[in-house]
Amino acid sequence: ILFFPDSNRLWAAHPTDSATASLKDEEEFTDILEERRRTTDLGYALRTFNPQPYKGAPTLSTSDLNKAVLESQYLCYIIKETGSSVEKVKEDASRILKEMSHNLQLGFIRLMGYTLNKVFKRLYRSIYVNMEGLNMVGTQYTLINCLTLYWAVLLEYVQTIVRTGYAPLEFYVEGFRSRTLKSLVPKLGMMDMVLEPYFKGEVFDITLVPISISYDRVLEESLLALELLGVPRPKESITGLFKASGVLQEDYGCMHVNFGRPLSARQLCEGKINWSEYNLIPRYRFPFFSLFLPISHMAVGTNMNIEYLLTKEGSLISPWSLMACLLLQTPFTTLTEEGLQWHQLTEKTLWLRKLVLDFGARLNWPAHIPDSEVMSSTVALHHSIVHHKEDRIYLVQDEDPARQDPLSPEEGVMRMAVVVLMLVSYRNQALHVFVRPGILATAIHITKNTRKDELFSFFCFLRDVFSNEFIFIPGRAVQDFEEACSLLQKCGAVHISQQEVTVLETGLEVLSFLQKLLQPFLDSYQLMFRYLCEKEDHVFTEEQFLPDVRNLATKLILSGTTECVK
């Protein structure tokens, strides 16, 4: 089963007959567009399609699958428990299943293959895919959420596919889109649904494979920034599709698809469940959600090391993400008026590249191209955000030639906020590398303390404050603190002893960078607290809250009190 989270990270899982899962140390990325550029789009779309069932599973038609779902013990039990007319509930269940089950039309799939192949070749220079993780497992995929009879039909439909190895399924593990391009805390509901057949003993194992997609340039970068500023998302329509055809003239760089290290649910849960307690319970009445839900969250949510799977092991950090981190720490007037000297940006970017490599990050930095050329082409790719002029870098400031009257100060702030938020979104793609050492650097900066126990207490406080902002695995505060200490010591920023964390002179630049990286988040929280304290009404709607906070932020930015838009 492949799980696609919306911030462009995927999960894969499937029933297996072996508890082993491993991955080769070397990773091979193949450009799948290279071969397609040598063939016609029509030839690609009309190629032979002959999928094989998973590991010898019996071939099922759509009608066979639907019949197995409707006649399952679980669904029959649920239908009887409703207390309504059995025939009427069966009709409702059949109608629901008909709506949600697939009806693959190969002709339509070939049409989409032809169209998308053309689009991808226009938008991207390359699409690199690492198939190491996928080659080790058969795959299936899922996408869904609901309750009532609908929930029961959905649950049985998904789990029938899992049990039989029938076909691919897909779903977004993070639950919804990330408009900031920052990794979101995973929602484990669908994970529980997929894992239930393993806990019931209906499959020997479930193998989970994290998959990530990294983009050099995001197609919707300006739309996402506008949405964050309260501008409604344009309605999707055929007319809008034709109007958006201009994006086909743009260069969006490369895309990387990485199939990560497979994980065995059987191994993750080993020794954590006493199966003998449930031997006499019928499988269709198995108390999964009341008894096994906490176990599955613990075993999968914790031992899977979600953050590493979704980010460190999967995501590739682009040169632009590093440059965005640095540009956002540059005074605003420098970027809008005198410009940032090109050599300063390149030197700092190379310094930051070394730091992220010391921290164990994975970079999308071409080794066969000179560093200066990599950075120049990166800036050129993101011409909608910055422009390079006379050896200096400036933020793009779009002017409306048709406008007669000058912009008000508030309108000027909102216009520049769009560009800054586009920068922020690319910075956010690299945040997972810096969060833990950044929190420790912030603790050192605020407390001015060197005692390890005091720093650990404040580290835990900040970790709790940011628990909905970044991905932290529950119960791992000590490990997170030790990791932060280790990374800062590795890069020469601090010296760690049994009782002390001593800042080194050579580490001031690193600590300053990390502290400034998290400062906008602290500023944003303080802005929210200020608004809530000044608000006279104790009850208000989201429609009131968000515009009011934006207005307060605009007011403070114009007064020079904050730069919290970053």
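Before reading on, note that the structure itself is shown above.
To keep things clear, this report deals only with the structure shown in the data block. None of the values given here were measured: they were computed from a predicted structure.

This paragraph deals with the overall build of the chain. Within the chain, the regular secondary structure consists of 24 helices and 13 strands. Among the 566 residues that make up the chain, the fraction classed as buried is 47%. Of the contacts formed within the chain by residues at least 6 apart in sequence, a portion of 78% connects residues at least 24 apart. By element, 55% of the accessible surface of the chain is carried by carbon and sulfur atoms, the whole surface being about 28,700 Å².

This part is about helix α24 (residues 542–558). Taking 1.5 Å per residue as the helical rise, α24 with its 17 residues ought to reach 24 Å, and the 24 Å between its terminal C-alpha atoms agrees with that figure. Taken residue by residue, α24 has Phe545, Val549, Leu552, Ala553, Thr554 and Leu556 as its buried positions. Of the surrounding secondary structure, the elements contacted by the buried residues of α24 are α19 (409–428) and α23 (508–534).

Bringing a nonpolar patch on the surface into the picture now. Taken together, the side chains of Phe49, Leu104, Leu106 and Ile109 present a nonpolar region at the surface, about 400 Å² in accessible area. On the secondary structure map, Leu104 appears in the loop between α5 (86–100) and α6 (106–123). By relative accessible area, Leu104 is classed as exposed at 61%.

Turning next to the sheet that holds strand β11 (residues 392–395). Taken in spatial order, the three strands make up an open sheet running β9-β11-β10, and their pairing is antiparallel. If you trace the sheet from one side to the other, it starts and ends with β9 (340–341) and β10 (386–389), each paired once. Strand direction decides the pairing type here: β9 and β11, joined by two bridges, are antiparallel. Of the residues in β11, the one forming a bridge with Leu340 is Ile393.

Our focus in this paragraph is the pattern of salt bridges. Counted by the stated rule, this structure contains 23 salt bridges. Salt-bridge contacts for Glu221 lead to Arg217; the nearest nitrogen and oxygen are separated by 3.2 Å. Neither residue differs from the other here; Glu221 and Arg217 are each classed as buried. A salt bridge links Asp358 to Lys354, with the shortest nitrogen-to-oxygen separation between them at 3.1 Å. Taken together, the positions of Asp358 and Lys354, both in helix α17 (residues 342–358) and four residues apart, correspond to about one turn of that helix.

Time to look at helix α18 (residues 371–381). Of the residues making up α18, those classed as buried are Val374, Met375, Thr378, Val379 and Leu381. All buried residues of α18 fall inside an arc of 160° around its axis, so they share one side.

Basis of the calculations
Residues numbered from 1 in each chain as written. Predicted model: local features only at pLDDT ≥ 70, side-chain atom pairs only at ≥ 80, totals over all residues. Heavy atoms only, no water. Helix = DSSP H or I, 4+ residues; strand = E, 2+ residues; numbered from the N terminus. Buried < 20%, exposed > 50% of the residue type's maximum accessible area, 1.4 Å probe, protein only. Contact = heavy atoms within 4.5 Å. Areas by Shrake-Rupley, 256 points an atom, 1.4 Å probe, with all protein chains shown as cover. Expected span 1.5 Å × (residues − 1). Patch = residues over 30% accessible without salt bridge, like charges linked within 9 Å, V, L, I, M, F, W, Y side chains within 5 Å. Salt bridge = Lys/Arg side-chain N within 4 Å of Asp/Glu carboxyl O. Pairing = 2+ DSSP bridges. Arc of directions from axis to C-beta.

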